[in-house]
Amino acid sequence: MSMRAILVNGGKGPVENLILGTAPRPTPAAHHVLVKVKSFGLNRMDIFQRMGKYPVPKHASEILGVEFSGTVAQTGTTASKWKEGDEVMGIAAGGAYAEYIAVPQTHVLPKPSQLSWNEAASVPEAWLTAFGALAVSCSIKRDEHVLVHTGASGVGVAANQLARFLGAKTVTTTASTDDKLAWLRRMPMAPTHTVNYKTADFAEEIARVTDGHGVDVLVDFVGKSHWEKNIASLAVDGRMVLLALLSGATVEKFSLQPFLYKRLRLEGSTLRARSEDYQTALIERFAREVLPEISGVDGPGKLKAYIHATYPWAQIQDATRELEANQNIGKVVAEID
């Protein structure tokens, strides 16, 4: 049995290689569920994977996409958590750019009534990544100081809100334009301070904002270009989690002394490559502690799911170009007709 899916013509290449074609419809394993996809979120890793520059987890679908919303169409023989017709949202190692996706039953969550299909599809990857970074990797505590880079990205928008929600004393975020920073300051759960990293020294701003204390928690996606200032920004016993390497992976020369004398901790993390057990535990904790508080922009939740743009999936090339342009604030989402 076949289904429609977004394919990469030739296996990899430019955005023009994205086409709407057909692929085999997956069959759910015993502990999996098959979901009929309504909407899916676009992520920067999809771009790198399409270009052949992202290490795809073993056994992952060759079809792009790691987050989705939809309805349960079929359950595996031992998957008792869900039933046909349940409205869900979830994460996957791949395969979300398609009419159907099979995932472990532990990797879907109930779609809250206060979220539309598009809003629900925008949540799983970004918010779970942000929650894992803050609550698990960095063990954020109330009244700590936090720095979040790429603040207008999907994960950045989530991390800024979550840091405030989890009780941070200050939340400083960086972005590349004043317009993005102004938008972030208008969020109900907004960062307390913002810095345009192209025109100001964020390490100096951190010293000012924290009265010389530094940040206890730092969430970085940038890597090379921010490295020295990141280390300078961290407080004694500071924790930094590295989620991406947008500016490059190699720092040619740096001193280990601050790690020793400030007792710094650095952890790298990519949610997609984590074990199924780790992902399951994170999803369960997120469902208890965070998901009930998330709504759309006009909804009642303390935390908001922001969508920058929505496209019909037949316009996947345009949707991808929107993300590649790096002008988005919040998520880019595609709808399946």
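Values in this document were obtained by computation on a predicted structure and should not be read as measured data.

Criteria and thresholds
Residues numbered from 1 in each chain as written. Predicted model: local features only at pLDDT ≥ 70, side-chain atom pairs only at ≥ 80, totals over all residues. Heavy atoms only, no water. Helix = DSSP H or I, 4+ residues; strand = E, 2+ residues; numbered from the N terminus. Rg over C-alpha atoms; globule rule 2.2 N^0.38 Å. Buried < 20%, exposed > 50% of the residue type's maximum accessible area, 1.4 Å probe, protein only. Contact = heavy atoms within 4.5 Å. Areas by Shrake-Rupley, 256 points an atom, 1.4 Å probe, with all protein chains shown as cover. Lys, Arg positive; Asp, Glu negative; His and termini not counted. Charge placed at Lys NZ, Arg CZ, Asp CG, Glu CD. 1 Å grid on protein atoms, 1.4 Å probe; cavity = no way out; pocket = protein on both sides within 12 Å on 5 of 7 lines; lining within 4 Å. Points joined across faces, edges and corners; volume = space filled by probe spheres on them. Nonpolar A, V, L, I, M, F, W, Y, C, P; charged D, E, K, R; others polar. Axes fitted to C-alpha atoms, helices over the stretch in contact; angles between N-to-C directions. Parallel < 35°, antiparallel > 145°, perpendicular 65-115°, else oblique. UniProt positions renumbered as here; feature names shortened; annotations may be inferred. Core = buried A, V, L, I, M, F, W, Y, C linked by side-chain atoms within 4.5 Å. Domains from an automatic or database assignment.

This part is about the overall build of the chain. When helices and strands are tallied, the chain shows ten helices and 17 strands. Over its C-alpha atoms the chain spans a radius of gyration of 20 Å, differing by no more than 12% from the 20 Å that the globule rule assigns to 337 residues. Taken along the three principal axes of its C-alpha coordinates, the chain extends 60 × 40 × 35 Å. In the chain, which comprises 337 residues, the share counted as buried stands at 55%. When contacts within the chain are restricted to residue pairs at least 6 apart in sequence, long-range pairs at least 24 apart make up 69% of them. Here the chain has roughly 14,600 Å² of accessible surface; of this, 50% comes from carbon and sulfur atoms. Each charge class in the chain can be summarised by its mean position, and for the 36 positive and 35 negative side chains these summaries are 2 Å apart.

Space inside the largest pocket adds up to approximately 1,100 Å³. Lining the largest pocket are 42 residues, and of these R44, F48, F221, A244 and L246 lie nearest its centre. If you list the elements that add at least two residues to the lining of the largest pocket, you get α1 (44–50), α3 (124–137), α4 (154–165) and β17 (331–335). Of the residues assigned to the lining of the largest pocket, the class counts are 19 nonpolar, 17 polar and six charged. The volume enclosed by the second largest pocket comes to roughly 500 Å³. Every residue lining the second largest pocket is counted, 28 residues in all, and those nearest its centre are H59, A60, S61, A93 and A102. Only β6 (100–104) and α9 (276–289) provide two or more residues apiece to the lining of the second largest pocket. The element contributing the most residues to the lining of the second largest pocket is β6, with five residues.

The next subject is the packing of α3 against α9. The N-to-C vectors of α3 and α9 enclose an angle of 90 degrees; their axes lie 10 Å apart at closest approach. By the angle class used here, α3 and α9 are roughly perpendicular. Judged by residue contacts, W127, L128, F131, G132, A135 and V136 of α3 engage Y278, L282, I283, R285, F286 and E289 from α9. Partitioning the contact of α3 with α9 into residue classes produces nine nonpolar, one polar and two charged.

The sites that carry the UniProt feature "domain: Enoyl reductase (ER)" (unreviewed entry) are, in the present numbering, residues 13–334. The annotated region residues 13–334 carries 28% helix and 27% strand content, and the separation between its end C-alpha atoms amounts to 20 Å.

W127, L134, V146, F286 and I294 are the most contacted members of the largest nonpolar core, which totals 41 residues. Looking at this core element by element, the count peaks at eight residues for α3. Three or more residues apiece are contributed to this core by two domains, here domain 1 (2–125 + 302–335) and domain 2 (138–268). If sequence neighbours within four positions are ignored, V146 has contacts with L134, I140, A163, A168, T170, V171, T172, V215 and V217. Of all hydrophobic cores here, the second largest spans 38 residues; its members include M3, W82, A96 and I101.

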